[in-house]
Amino acid sequence: MSDYNFAYLDEQTKRMIRRAILKALAIPGYQVPFASREMPMPYGWGTGGVQLTAACLVPDDRLKVIDQGADDTTNAVSIRAFFQRTAGVAVTTATTQATVIQTRHRIPETPLTDGQILIYQVPIPEPLRFLEPRETETRRMHALEEYGLMHVKLYEDIARHGQIATSYAYPVKVEGRYVMDPSPIPKFDNPKLSDNPAIQLFGAGREQRIYALPPWTQVVSLDFDDHPFVASKADHACDLCGARDSYLDEVVTDDVGSRMFVCSDTDHCTTRRDAGHTGRLAEVAA
Amino acid sequence: MTPLLSVRDLERRYGPRIGCTGVSFDLWPGEVLGIVGESGSGKSTLLSCLAGQQRPDAGTVTYDGRDVLAMAESDRRRLARTEWAHVHQHARDGLRMGVSAGANVGERLMATGHRHYGDIRAAALDWLGRVEIAGDRIDDRPSSFSGGMQQRLQIARNLVTGPRLVFMDEPTGGLDVSVQARLLDLLRGLVRDMGLSVIIVTHDLAVVRLLADRLMVMTGGRVVEQGLTDQVLDDPQHAYTQLLVSSVLQV
Amino acid sequence: MIAVENLSKSFVLHNQGGAVITVMAGAALHVDPGECVGLTGQSGSGKSTLMRMIHGNYRVCGGSIRIAGVELAGAEPRAVMALRRDTLGYVSQFLRVLPRVPTVQVVAEPLRALGVAQEVAQARAECLLWRLNIPRRLWSLSPTTFSGGEQQRVNIARGFVHPFPVLLLDEPTASLDAQNRAVVLSLIHEAKARGAAILGIFHDAEARDAVCDRLVDVTGFTPARAT
């Protein structure tokens, strides 16, 4: 513990990040530049989220880290271990117990509550990037609220696939003002962004941007009148816990094409199974 | 009736060099104004000052009673995607090469708040037809189009919002002669049917003879002569215009 | 309808040592509604120059040209444009059109410019093409490939498609056979009957005598050339 400052980053850096967070909270959906630091992990492994977590943690926090909804994948385990070692904070896998949750590509199924902070790892914060590569131009487009281009992307989807095929990182409009990339969460999670009692922070380390949704912010997924937004998921129940309303991962179980659908949110699935819910393959898995 | 666009004493300098200076004219609704001159005569500088891509150092530009240079950038850009259109010499500068023809045409509609996919697609299809692009190419990217088709797509993309003022920069440059004629005919029909006011910059006197009502001749950043197109071409007054007209190769 | 007074014209050739060539001085004529006036004079005497000045192709250097009350000397381009659109028709010797535009559209264009509906304009254009014996199979083709006589008739159809109150005709019957010449002459008679003021150049003496009420010799308007 004495080898590191609390939560790895020095206090000046954390102040800088907190200032960026406050600004981001004051202007929901607006991308605030910040001086992203080198972290002891490669870009793409969540350096933006880790810096936000480091800046938010206090000693009596309880941290949960998930990667694609799971608490037990490499990325989640590593980051959790990192903060156990550098901040000495308590950790948990239970969504209800956590005060700070760092996530990659999911929002927990269990509704968040007042006082919790959800921190997203963001690879590319700029939703306009793929259609307009010039940063000078995208910033101007945000400033002047010129968002026609976002619908061009959705138009292309429908023209090509007959429907809006964008299934993750689905663009949203925040409080009727800024268009925002919600990080690569499945569009199934998009409705949870809106009117959420928790604070939601988004950090892009390589791109050096922080943005945020303060509690109870209105977030609307972009769509067309005749092609409305649908928060879709695989049309199955969880094969372990039987949940029909949670986001599912498809898992190929052998080399002859057998597959199963399981909750991507491991905490949600475990909690349900502990409560006695079972799915199609619950016994096989056990 | 009042002029749609009034320009007074416009000047743009690049350091000590003159881009254009002392340019004044009125453009009336439904009028096509040609600006001719050689490379470096200041005609392109003038056009980009008028279209808001460059800020002039002096002078005024009034559009429909509004001071364009005093306008907030957001208002000016809103004008640029609703009431104005800009057809670039190189279609690549005016098109989004990475999205389909339909999306290219629909973009201005979506940028002005249209949110009904079916309507946007129908409008795109209608406009592709008007510029003689087959409807079954609607989902193809412009990179698969010929130069003439790209140019027509650019025109469709610009005119879909029913603009009042169109800036054109060498719209037929780089096209085959046969393709040029078709494009000019198309433009002339659209100008007439939509009552467009057009400022067209070109070095091709044949193009302005067929398209422009009025002509402005520029050299060295200054307008040396302006008037009715056939008057300027048939009875040029200024030494430079006489040289320009007499230099055209006859076929 | 056409009133020319004390008109003069000179060209300054800046690229040939600033030579000043005066081609006309003291020109005067008038044409009343329903009247056809023919310009005469030798080749090079300035008939075409005068026509072009009245049409507005050439700038007026001195004097005045008034057409239907509009002064051409120093007129704003858009005033001249409006005059040409509504009032002043011109049949030149040369057909100048966009390549690849069908003949019927070329002829209908003056009406379309006036805002006449496509179908109406096209019907009137077809009627004139029919009268002028342009074969129907050519109507959808561009006139740029036509013979001289056919091009001339397309030009005439274009000039007569709208009942212009003032018409300028530059050699309208040249290179036409007797049958088509008769059609053109009857078109001119009809225009006179509806009150059009017509100014024309007719080399063909027979045609000239058939339609012209008066003749004006432009030789008198040409200043003696300095040799």
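Rules used throughout
- Residues numbered from 1 in each chain as written.
- Chains lettered and ligands numbered in written order.
- Predicted model: local features only at pLDDT ≥ 70, side-chain atom pairs only at ≥ 80, totals over all residues.
- Heavy atoms only, no water.
- 1 Å grid on protein atoms, 1.4 Å probe; cavity = no way out; pocket = protein on both sides within 12 Å on 5 of 7 lines; lining within 4 Å.
- Points joined across faces, edges and corners; volume = space filled by probe spheres on them.
- Helix = DSSP H or I, 4+ residues; strand = E, 2+ residues; numbered from the N terminus.
- Nonpolar A, V, L, I, M, F, W, Y, C, P; charged D, E, K, R; others polar.
- Core = buried A, V, L, I, M, F, W, Y, C linked by side-chain atoms within 4.5 Å.
- Buried < 20%, exposed > 50% of the residue type's maximum accessible area, 1.4 Å probe, protein only.
- Domains from an automatic or database assignment.
- Contact = heavy atoms within 4.5 Å.
- Phe/Tyr/Trp six-rings, centres within 6.5 Å; stacked < 30°, edge-to-face > 60°.
- Lys NZ or Arg CZ within 6 Å of the ring centre and 35° of its normal.

Notes on the layout of surface pockets
Think of a ball as big as a water molecule: rolled over the atoms, this probe shows where empty space is left.
Argument step 1. Within this model, the largest pocket holds a volume of roughly 1,800 Å³.
Argument step 2. Around the largest pocket sit 48 residues that line it, and Arg 188 and Asp 213 of chain B together with Arg 84, Glu 109 and Arg 158 of chain C are the ones nearest its centre.
Argument step 3. Taken together, the elements giving at least two residues each to the lining of the largest pocket come down to helix 7 (177-194), helix 8 (205-211) and helix 9 (229-234) of chain B together with helix 1 (47-55), helix 2 (77-86), strand 6 (88-91), helix 3 (103-113) and helix 5 (148-160) of chain C.
Argument step 4. No other element matches the five residues that helix 2 of chain C contributes to the lining of the largest pocket.
Argument step 5. Class assignment for the residues of the lining of the largest pocket results in 21 nonpolar, eleven polar and 16 charged.
Argument step 6. Computed from the structure, the second largest pocket encloses a volume of approximately 1,300 Å³.
Argument step 7. As for the second largest pocket, its lining consists of 47 residues, of which Glu 137 of chain A together with Arg 77, Arg 96, Glu 107 and Arg 157 of chain B are closest to the centre.

Some thoughts on the nonpolar core
One recurring pattern in soluble globular proteins is that nonpolar side chains are buried together.
Argument step 1. In this structure, Tyr 155 of chain A together with Phe 160 and Ile 188 of chain C are the most contacted members of the largest nonpolar core, which totals 110 residues.
Argument step 2. Ranked by residues supplied to this core, first place goes to helix 5 (residues 148-161) of chain A with seven residues.
Argument step 3. Here this core gathers at least three residues from each of two domains, domain 1 (5-18 + 27-83 + 163-249) and domain 2 (96-147 + 156-162) of chain B.
Argument step 4. Sequence-distant contacts of Tyr 155 of chain A, defined by excluding residues within four places in its chain, comprise Phe 224 of chain A together with Ser 100, Gly 102, Ala 103, Met 110, Tyr 117, Ile 120, Arg 121 and Ile 138 of chain B.
Argument step 5. Residues Leu 7, Ala 27, Ala 197 and Leu 199 of chain C belong to the second largest nonpolar core, which totals 33 residues.

Description of unusual backbone geometry
Working note: non-glycine residues mostly have negative phi, and peptide bonds are mostly trans.
All names here are of chain A.
Argument step 1. The backbone of Ala 169 sits at a positive phi, close to 50°, despite the residue not being glycine.
Argument step 2. Turning to its location among the elements, Ala 169 is positioned in the loop between helix 5 and strand 6 (172-174).
Argument step 3. Within the chain, Trp 216 stands out as a residue other than glycine whose phi angle is a positive 60°.
Argument step 4. By the secondary structure assignment, Trp 216 is in the loop between strand 9 (209-213) and strand 10 (219-221).
Argument step 5. Look at Trp 216 and you get exposed, because its relative accessible area is 54%.

Some thoughts on the packing of aromatic side chains
Argument step 1. Inspection of the entire model under this criterion finds twelve aromatic pairs over all chains.
Argument step 2. Ring geometry for Tyr 120 of chain A against Phe 202 of chain A: centres 4.1 Å apart, planes inclined by 10°, an arrangement best described as stacked. Of this pair, Tyr 120 of chain A sits in strand 5 (residues 117-121) while Phe 202 of chain A sits in strand 8 (residues 199-204), and the two are 82 residues apart along the sequence.
Argument step 3. In this structure Tyr 120 of chain A comes out as buried when scored by relative accessible area, which is 0%.
Argument step 4. Given a relative accessible area of 0%, Phe 202 of chain A falls into the buried group.
Argument step 5. Pairing Tyr 170 of chain A with Phe 229 of chain A gives two aromatic rings, centres 4.8 Å apart and planes at 70°, and the pair type is edge-to-face. Here the residue Tyr 170 of chain A occupies a position in the loop between helix 5 and strand 6, and Phe 229 of chain A occupies one in the loop between strand 10 and strand 11 (248-252), the gap between them amounting to 59 residues.
Argument step 6. On the basis of relative accessible area, Tyr 170 of chain A is assigned to the buried category, the value being 1%.
Argument step 7. Chaining the aromatic ring pairs together yields one cluster made of Tyr 8, Phe 82 and Phe 83 of chain A.
Argument step 8. Its end group placed over the ring of Tyr 178 of chain A, Arg 177 of chain A keeps NZ or CZ at 4.2 Å from the ring centre.
Argument step 9. The ring centre of Trp 127 of chain B lies 4.1 Å from the NZ or CZ of Arg 130 of chain B, which sits over that ring.

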